[in-house]
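Next come the chains, spelled out residue by residue.
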Amino acid sequence: MSYPMGPSGLISDVDLRSHENNLAHRTREIDRERLIVRRGQPFSIILQCSDPLPPKHYLELVLHLGKREEVVIKVQEEQRARNKWWFTQLGAHDEKLLTLHSPVDAIIGEYHLAVLVMSPYGHIVEKTDQIKFHLLFNPWCKDDAVYLPDESQLQEYIMNEDGVIYMGTWEYIKSIPWNYGQFEDYVMDICFEVLDNSKDALRNSKKDIESRSDPVYVSRIITAMVNSNGDKGVLTGSWQEPYSDGVAPYRWTGSVPILQRWSKAGATAVKYGQCWVFAGVACTVLRCLGIPTRLITNFASAHDIDGNLALDFLLNERLESIDGGKRHDSSWNFHCWVESWIRRDDLPKGNDGWQVLDPTPQELSDGEYCCGPCPVTAIKEGNLGVKYDAQFIFAEVNADIIHWIVQNDGRRRKIKEDHSSVGKNISTKSVYGDHREDVTLHYKYPEGSKKEREVYEKAGRRFTEPTNECREPGQLQLSIKHAKPVFGTDFDVIVEVKNEGCRDAHAQLTMLAMAVTYNSFHRGECQRKTISVTVPAYKVHKEILRLHYDDYVNCVAAHHLIRVKALLDVPGENEPIMSVTNIPLSMPELLIQVPGKVVVWDQVTAYISFTNPLPVALKGGVFTVEGAGLVSATEIPVNGDVAPGQKVSVKLSFSPMRTGVRKLLVDFDSDRLKDVKGVATVVVRKKYTPNIPYPPPITGYF
């Protein structure tokens, strides 16, 4: 990009060399025309001069940040100080090459550069001040606080626009694709707009801008601004239907439409998000600004309200949860946050590296709905005094779960205490492909190890030694088994009572199936069965609970999750036996085909099809298609109803905008079937331009 200056002055044109600089600074994916550079790495611009500078005249460079130019920085000439901006100049009388050097802790943001021609007496002879560029964090620079030395990780955690988010339950992990799209058109501008609308920026813009040199500050602001609780944040959270005045959380397939809607609406919150949507948007913003970031899923995640590192669940004698009309502890089947790679200069040694950042609004932190950054190593070592929010995050992966039955007379009976069910299969997308990497051991030592016990004691959590005592005669074991049912079908749940004693056992067995959301909100009862059972010595008794489609269709939530509880009450025993399992109902697949060779800017057609697996017709069907570098979010409505077993097909033509390996993401939603996802990999090739030989030179006399 160049800025013509007009015919009158000494400086007639400024060439920012955007193509060359952006390539060297790995920002060409963001923009090829505007200048976007990374801190701690030099870049060069060219001044075209109509005449040589008069004798003893010289150049000064001044940088301005902020809409009201709140921060002004004078660029030193050839000072070579590590913590200051400085520049060098080379060139002939009509052209000057200026090389600017930014410090490794420079403020990120949009800069306005003024080039001043100064007289020998220090007066401004001429001023060129229309030059703009953006500066980002630099994880390739070894002295930057976000420096990450592994190139394969940088390609994933900065450059990759396509992600995988893990969901479901710890036993049955599923995944959905996510389009981060951090290099899509003007996403970077929206990321800075997010920072500009924070409470800190609106309260004191100069102080906020000066603080943007610190990735700890910036990342904490992002966790507050991705949710809209108490500020002008991006997303409003909702965990209960209806979503009719917005977009249901499960319909989003990427961050870009969310950020665009927020910006176009004048920093008005977009409806609606849940944890994986908040995390996906945060990952987009942080990667775009240059902070290496990955999305994490914690299965069996604890939300500890009172900070006692234990979740107390109260049930009545019908095994129904007792709410009590106030906020209470909860256990989520999964919960998503992000990790960012940051050197923690504000903390003692040993806290650098991956930092937990959670943008889902759960608890207040210093008066704001934000969480982190908190070193993952601090969680593993039980150092709960470390900034920020270490105790809350420690509980998410380590809390105990205690179930109580509150009897009709108000007395409590403890029925189950579990020390190892929280924080399982902690997952992220692998650097080496679209498969899962387990990072549980980054957060906690192996279950039952000596080191785990030491950490628990340091954190103030009671530790219960595993017991290897022989079983008492007549002791009963309770378990729940099931296949992998498909949504829309009838299926069986088998409850087994095993008698390991030498005498027959008599007990009352209660089985309850209910629909729940992924964060354990109860949607309704599907089936209940209470019977008396007699289990002979050393035998197994099996009870079958059959669930029909009609039993669960009206109350099952978008994540299609059934929770089954079984309670075995043995006369004469103080504590009944309880078993709980979550059964995810699997979804049908979308078929996506993009035939032929795909070339950048050439039109291509995607063919999408889907077969209705339900015994009822689907109404209001709509496909949503998007893909970074391929196509912006586009809705394709289905004409008419989709009958049971009917295959519906749609097609979409688009022209890819960027080369490389791309992902096309598709979501299908209707009145009775929602959150059906599909993804196709598309390799976009460069245009082939044949080498046209130049004609031979013409020789001879004329």
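Read on for a plain summary of the structure. In this text the structure is predicted, and so the values were computed from the model without any measurement.

### Considerations on the overall build of the protein
Next, step 1: A count of helices and strands for the protein gives 13 helices and 38 strands.
Next, step 2: In the protein, buried positions account for 55% of the 702 residues.
Next, step 3: Taking the intrachain contacts of the protein between residues at least 6 apart in sequence as the baseline, contacts between residues at least 24 apart amount to 66%.
Next, step 4: With the model as given, the accessible surface of the protein reaches about 31200 Å², and the carbon-plus-sulfur share is 50%.
Next, step 5: Distance between charge centres in the protein, computed from 81 positive and 91 negative side chains, equals 2 Å.

### Describing the side chain of Ser520
Next, step 1: Along the chain, Ser520 turns up in the loop between strand E26 (505–516) and strand E27 (522–535).
Next, step 2: Since its relative accessible area comes to 15%, Ser520 is described here as buried.
Next, step 3: Polar side-chain contacts of Ser520 include one of 2.3 Å to the backbone oxygen of Ser331.
Next, step 4: Other than its neighbours up to four places away in sequence, Ser520 contacts Ser331, Trp332 and Arg563.

### Here's the deal with the packing of helix H3 (residues 187–196) against helix H8 (residues 275–289)
Next, step 1: Here H3 crosses H8 at 105°, and the two axes come no closer than 10 Å. It follows that H3 is roughly perpendicular to H8 by the angle criterion. Contact with H3, carried on its side by Val187, Met188, Cys191, Phe192 and Leu195, involves Thr284, Val285, Cys288 and Leu289 of H8 and no other residues of that element.
Next, step 2: Considering only residue class, the contact of H3 with H8 consists of eight nonpolar, one polar and no charged.

### Describing the pattern of salt bridges
Next, step 1: Under the defined criterion, the tally for this structure stands at 45 salt bridges.
Next, step 2: A salt bridge links Arg662 to Glu29, with the nearest nitrogen and oxygen atoms 3.2 Å apart. In this pair, Arg662 sits in strand E37 (residues 660–669) while Glu29 sits in the loop between helix H1 (18–24) and strand E3 (36–38), placing the two residues 633 residues apart along the sequence.
Next, step 3: When the shortest N-O distance is used, the salt bridge between Lys387 and Asp346 registers 3.8 Å.

### Observations concerning the pairing of strand E22 (residues 424–429)
Next, step 1: Examined bridge by bridge, strand E15 (residues 293–303) and E22 share two bridges and lie antiparallel to one another. Pairing of Thr297 across the sheet is with Ser427, part of E22.
Next, step 2: Where E22 and strand E23 (residues 436–438) come together, three bridges link them in antiparallel fashion. Its bridge partner lying in E23, Thr428 is registered against Glu437.
Next, step 3: Remark: six residues form the turn of the hairpin made by E22 and E23, two consecutive strands paired antiparallel; Gly433 in that turn has positive phi of roughly 150°.

### Side note on the packing of aromatic side chains
Next, step 1: Enumeration according to the criterion identifies 21 aromatic pairs in this entry.
Next, step 2: The interplanar angle of 55° and the centroid separation of 5.3 Å between the aromatic rings of Trp85 and Tyr111 together place this pair among those described as tilted. Of this pair, Trp85 sits in the loop between strand E6 (71–77) and strand E7 (86–90) while Tyr111 sits in strand E9 (residues 109–118), placing them 26 residues apart in sequence.
Next, step 3: A ring pair is formed by Phe487 and Tyr549, whose centres lie 6.1 Å apart and whose planes are at 75°; its orientation type is edge-to-face.

### Regarding empty space enclosed by the protein
Next, step 1: As enumerated under the stated definition, the model contains two cavities of 30 Å³ or more in all.
Next, step 2: Put simply, the largest cavity is a space of about 60 Å³.
Next, step 3: What lines the largest cavity is simply Glu156, Tyr157, Gly163, Val164, Tyr180, Arg287, Arg294, Leu295, Thr428 and Lys429.
Next, step 4: Counting only elements with at least two residues in the lining of the largest cavity, the list comes to helix H2 (151–159), strand E11 (162–168), E15 and E22.
Next, step 5: When the residues that make up the lining of the largest cavity are grouped by side-chain class, the tally is four nonpolar, two polar and four charged.

### Thoughts on the pairing of strand E34 (residues 622–627)
Next, step 1: Most of E34 is tucked away: six of the six residues are buried.
Next, step 2: Burial along E34 is two-sided: the face carrying Val622, Thr624 and Glu626 and the face carrying Phe623, Val625 and Gly627 are both buried.
Next, step 3: Examined bridge by bridge, E34 and strand E35 (residues 631–637) share five bridges and lie antiparallel to one another. When the sheet's bridge partners are listed, Val625 is paired in E35 with Thr634.
Next, step 4: The loop that links E34 with its antiparallel partner E35 comprises three residues; one of these, Gly629, has a positive phi angle of about 80°.
Next, step 5: For E34 and E37, the ladder comprises five bridges, and the chain directions are antiparallel. Note that in E37 the partner of Phe623 across the bridge is Phe668.

### Comments concerning the sheet that holds strand E17 (residues 330–342)
Next, step 1: Read from one edge to the other, the open sheet built from six strands follows the order E19-E18-E17-E15-E22-E23, with strand pairing classed as antiparallel. Looking at the sheet topology across the chains shown, the edges are occupied by strand E19 (374–375) and E23.
Next, step 2: Strand direction decides the pairing type here: strand E18 (residues 353–357) and E19, joined by two bridges, are antiparallel. Opposite Val356, over in E19, you have Cys374 as the bridge partner.
Next, step 3: In this fold helix H10 (residues 390–398) packs onto E15, E17, E18, E19 and E22, with an angle of close to 70° to the strand it touches most, E15.

### Overview of the nonpolar core
Next, step 1: One finds Ile222, Trp276, Leu289 and Tyr443 to be the most contacted residues of the largest nonpolar core, which totals 102 residues.
Next, step 2: Of all the elements, H8 adds the most residues to this core, at 12 residues.
Next, step 3: Beyond its immediate sequence surroundings of up to four residues, Tyr443 is in contact with Ile296, Trp337, Glu339, Val356, Val376, Ile379, Lys380, Val397 and Ile426.
Next, step 4: In this structure, Val533, Leu585, Val648 and Val650 belong to the second largest nonpolar core, which totals 62 residues.

### Looking at helix H7 (residues 256–264)
Next, step 1: Looking only at H7, the buried set comprises Val256, Pro257, Ile258, Leu259 and Trp262.
Next, step 2: Gly266 occupies a position one or two residues after H7 and carries a positive phi of about 70°.

### Quick word on H8
Next, step 1: Between its terminal C-alpha atoms H8 stretches 21 Å, which fits the 21 Å expected from 15 residues at 1.5 Å a residue.
Next, step 2: Burial runs high along H8: 15 of the 15 residues are buried.

### Looking at the environment of Ile480
Next, step 1: As for its position among the elements, Ile480 is in strand E24 (residues 476–482).
Next, step 2: For the pair formed by Ile480 and Ser579, sequence separation is 99 residues and the distance between their alpha carbons is 7.1 Å.
Next, step 3: Once you skip the residues sitting within four places of it in the chain, Ile480 turns out to touch Val493, Ile494, Val495, Val564, Lys565, Ala566, Ser579, Val580 and Thr581.

### Topic: the environment of Gln182
Next, step 1: Note that Gln182 resides in the loop between strand E12 (173–179) and H3.
Next, step 2: According to the relative accessible area criterion, Gln182 is buried, its value standing at 0%.
Next, step 3: Separated by 438 residues in the primary sequence, Gln182 and Gly620 have C-alpha atoms spaced 31 Å apart.
Next, step 4: Not counting the four nearest positions on each side in its chain, Gln182 is found in contact with Ile158, Met159, Asn160, Glu161, Val187, Thr284, Arg287 and Cys288.
Next, step 5: Within the structure, Gln182 has its side chain in polar contact with the backbone oxygen of Ile158 (distance 2.7 Å).

Procedures and definitions
- Residues numbered from 1 in each chain as written.
- Predicted model: local features only at pLDDT ≥ 70, side-chain atom pairs only at ≥ 80, totals over all residues.
- Heavy atoms only, no water.
- Helix = DSSP H or I, 4+ residues; strand = E, 2+ residues; numbered from the N terminus.
- Buried < 20%, exposed > 50% of the residue type's maximum accessible area, 1.4 Å probe, protein only.
- Contact = heavy atoms within 4.5 Å.
- Areas by Shrake-Rupley, 256 points an atom, 1.4 Å probe, with all protein chains shown as cover.
- Lys, Arg positive; Asp, Glu negative; His and termini not counted.
- Charge placed at Lys NZ, Arg CZ, Asp CG, Glu CD.
- Polar contact = N/O pair within 3.5 Å; in protein donor to acceptor, adjacent residues only side chain to side chain.
- Axes fitted to C-alpha atoms, helices over the stretch in contact; angles between N-to-C directions.
- Parallel < 35°, antiparallel > 145°, perpendicular 65-115°, else oblique.
- Nonpolar A, V, L, I, M, F, W, Y, C, P; charged D, E, K, R; others polar.
- Salt bridge = Lys/Arg side-chain N within 4 Å of Asp/Glu carboxyl O.
- Pairing = 2+ DSSP bridges.
- Phe/Tyr/Trp six-rings, centres within 6.5 Å; stacked < 30°, edge-to-face > 60°.
- 1 Å grid on protein atoms, 1.4 Å probe; cavity = no way out; pocket = protein on both sides within 12 Å on 5 of 7 lines; lining within 4 Å.
- Points joined across faces, edges and corners; volume = space filled by probe spheres on them.
- Core = buried A, V, L, I, M, F, W, Y, C linked by side-chain atoms within 4.5 Å.
- Expected span 1.5 Å × (residues − 1).

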